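Architecture and fold: a report
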Amino acid sequence: MTEPRTVLITGAGTGIGAACARLYAQAGARLVLVGRRREPLEQVARDTGGLVLVGDAACPDTWVGFIRQIREQYGRLDVLLACAGGHGLGSATQTSPATWDSALRSNLDSAFYSARACLPLLQESTGNIVLIGSIASMAAGPEVCGYTTAKHALIGLNRSLARDYGPSGVRVNAVCPGWVHTPMADAEMQPLMHAYGDTLQQAYARVCADVPLRRAASAEEIARVCRFLASSDASIITGATIVADGGSSIVDVPTLAFAHLESAHE
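Here is what the cut-offs are and how they apply
Per chain, residue numbering runs from 1 following the sequence as it is written. In keeping with the model being predicted, local features are shown solely for residues with a pLDDT of at least 70 and side-chain atom pairs are shown and tallied solely at 80 or more, while totals for entire chains, interfaces and linings include all residues. The basis for every side-chain value is the complete set of heavy atoms in the structure, and neither hydrogens nor water enter the calculation. UniProt positions are given in the numbering used here, feature names are shortened, and annotations may be inferred rather than shown by experiment. Paired strands are those between which DSSP finds at least two bridges. A helix here means a DSSP run of H or I that spans at least four residues, while a strand means a run of E at least two residues long, and both kinds are numbered starting from the N terminus. The convention used is that axes are lines fitted to C-alpha atoms, helices contributing only their stretch in contact, and that angles between N-to-C directions extend from 0 to 180 degrees. In what follows, a contact means two residues having at least one pair of non-hydrogen atoms within 4.5 Å. We call a set of buried residues a nonpolar core when its members are Ala, Val, Leu, Ile, Met, Phe, Trp, Tyr or Cys and they connect through side-chain atoms within 4.5 Å of each other. Relative accessibility thresholds used throughout: buried, under 20% of the residue-type maximum; exposed, over 50%; partly exposed, between the two (1.4 Å probe, protein chains only). Only protein atoms enter the 1 Å grid used here, on which a cavity is any set of points holding a 1.4 Å probe that cannot leave and a pocket is any open set flanked by protein within 12 Å on both sides along at least five of seven lines; residues with an atom within 4 Å of a point are listed as lining. Grid points are joined across faces, edges and corners, and a volume is the space filled by probe spheres set on the points. N or O atoms closer than or at 3.5 Å make up a polar contact, with two conditions inside protein: a donor-capable atom paired with an acceptor-capable one, and, for residues adjacent in sequence, both atoms drawn from side chains. Working rule for helices: expected span equals 1.5 Å times residues minus one. By definition, a residue's bend is the angle between the axes fitted to the seven residues ending there and the seven starting there. Criterion for a salt bridge: a side-chain nitrogen of Lys or Arg within 4 Å of a carboxyl oxygen of Asp or Glu.

The name that an unreviewed UniProt entry assigns to the chain is 3-oxoacyl-ACP reductase, with the source organism given as Pseudomonas azotoformans. According to its UniProt record, the chain has this under Sequence similarities (unreviewed entry): "Belongs to the short-chain dehydrogenases/reductases (SDR) family."

What follows is the structure, given as C-alpha cells:
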C-alpha cells in the first residue's frame, strides 16, 4: 500500500492555503498546517485533520521546532505549498520602512525560509515546492510598491530553487493568480464598495470587467492548479510560472479604450 503524501501548507488558515488543505485532505494526504493565528488553523484542522503549527513562517528560528515535529510525527515531507502572504500598500514615497519590511517579510521571507527549512526533507522524498505568487509578480498595480516588489522577487526565488535543487529531484514551481475570492481580496474591494456603493459581488465584477473570463477565481480553482504542479502529471515541469488569472495578463492595455468604445455603442 502506498504511503499517503505529507503536505505542508503555510498560510493554511484562510484563502488559498485553506482551500489547498481541503483539497489534499480529500485525497487522503497527511497535512501540516502552518500559520500565525491558531483559531483559523484549528478550524481547518477540524475539517481536514492535520498537525497545527502556530508561528511565523518568515522567522527562521520557528522552523527548527517545526521540522523536528514533522520528522517525529510523519517521518517525511512530500510537498511544500508556500501560501503565506500579505499586503504591501502604498507608492514608494508613501511606503514607510515598517510597511516595506512587512511586505517583504510576509510575501518573500516567508517563502524563502519555508523552502530553506523544508528542502532537506524534500530532497529525501524527491518532493515538490509550489510558491504562490500573483499577477503582481509580472506587472505593477497602482500604489502597491512593497507587494509588487516582493512578488516579483518570488519568481527569482522560484527559478533559483528550481535550478539548484532540480539535480536532487526536487521540483519547484510558482502559481500566479489574478483576483481570487479570499478574505484578503474581499478587503481590497472595500474602497470600491464605498466609492460606488457596490455590493461585494459588484465590486468583483468591476475589477474583472476587462478580464477575458470576466470573473475572479475561487480559492479551490487555484488549489487545483497547485495540486497539479505537485503531482506526477507535472513531472517534467520545474522553474515554471503558471499564470491563473482568467486571462487578465494577456490583455493589451492600450487597446482597452477601443473595447470600451464598442461597448458604449451597444
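So, next bit.
**Quick look at the sheet that holds strand E5 (residues 128–132)**
Strand order in the open sheet formed by seven strands is E3-E2-E1-E4-E5-E6-E9, with parallel pairing between adjacent strands. Looking at strand neighbours, the two that pair on one side only are strand E3 (51–54) and strand E9 (241–244), the edges of this open sheet. Taken over all neighbouring pairs, the strand axes of this sheet differ in orientation by 15° on average, direction set aside. In this sheet, E9 lies alongside strand E6 (residues 171–177) in parallel orientation, the contact comprising four bridges. Bridge pairing in E9 places Ala-174 opposite Thr-241. Packing against the sheet, helix H3 (residues 60–73) makes contact with strand E1 (6–10), strand E2 (30–35) and E3, and its axis sits at approximately 170° to E3.

**Brief notes about the nonpolar core**
Counting 34 residues, the largest nonpolar core has Leu-8, Val-32, Trp-63, Cys-118, Ile-129 and Leu-131 as its most contacted members. Taken together, the elements giving at least two residues each to this core come down to E2, E3, H3, strand E4 (79–82), helix H4 (97–125), E5, helix H5 (145–165) and E6. Tallying contributions element by element places H4 first for this core, with eight residues. When sequence neighbours within four positions are dropped, the list of residues in contact with Val-32 reads Thr-6, Val-7, Leu-8, Ile-9, Leu-51, Leu-53, Ile-70 and Tyr-74. In terms of nonpolar packing, the next biggest core, distinct from the first, is built from 31 residues, Ile-16, Tyr-24, Val-44 and Val-175 among them.

**Remarks on the layout of surface pockets**
Put simply, the second largest pocket is a space of about 180 Å³. In terms of lining, the second largest pocket is formed by 10 residues, of which the most central are Arg-5, Tyr-24, Ala-27, Ala-29 and Arg-227.

**As for the UniProt feature "domain: Ketoreductase" (unreviewed entry) in the chain**
Look at the UniProt record and you will see "domain: Ketoreductase" (unreviewed entry) annotated at residues 5–182. In the segment residues 5–182, helix accounts for 49% and strand for 19%; the C-alpha atoms at its two ends are 26 Å apart.

**Points about the side chain of Arg-30**
Considering the arrangement of structural elements, one finds Arg-30 in strand E2. A distance of 2.9 Å separates the side chain of Arg-30 from the side chain of Thr-6, its partner in a polar contact. With residues near it in sequence (within four places) discarded, Arg-30 still touches Glu-3, Pro-4, Arg-5, Thr-6, Val-7, Tyr-74 and Arg-76.

**Some details on H4**
End to end, H4 covers 40 Å across 29 residues, agreeing with the expected 42 Å (1.5 Å per residue, within 8%). In H4, a bend of some 50° at Leu-119 exceeds every other bend along the element, and Pro-120, a proline, comes one to four places later. Looking one or two places after H4, you find Thr-126, whose phi comes out positive at around 45°.

**Description of the pattern of salt bridges**
Two side chains of opposite charge can pair, provided their charged atoms sit close to one another. Overall, the coordinates contain seven salt bridges when judged by the stated rule. Two residues, Arg-22 and Asp-47, come together in a salt bridge whose shortest N-O distance is 3.1 Å. Taken together, the residues span a long stretch of sequence, with Arg-22 in helix H1 (residues 15–26) and Asp-47 in helix H2 (residues 38–48) at a distance of 25 residues. Taking relative accessible area as the criterion, Asp-47 reaches 44% and is therefore assigned partly exposed. The shortest N-O distance in the salt bridge between Glu-124 and Arg-71 comes to 2.8 Å. Taken together, the residues span a long stretch of sequence, with Glu-124 in helix H4 and Arg-71 in helix H3 at a distance of 53 residues.

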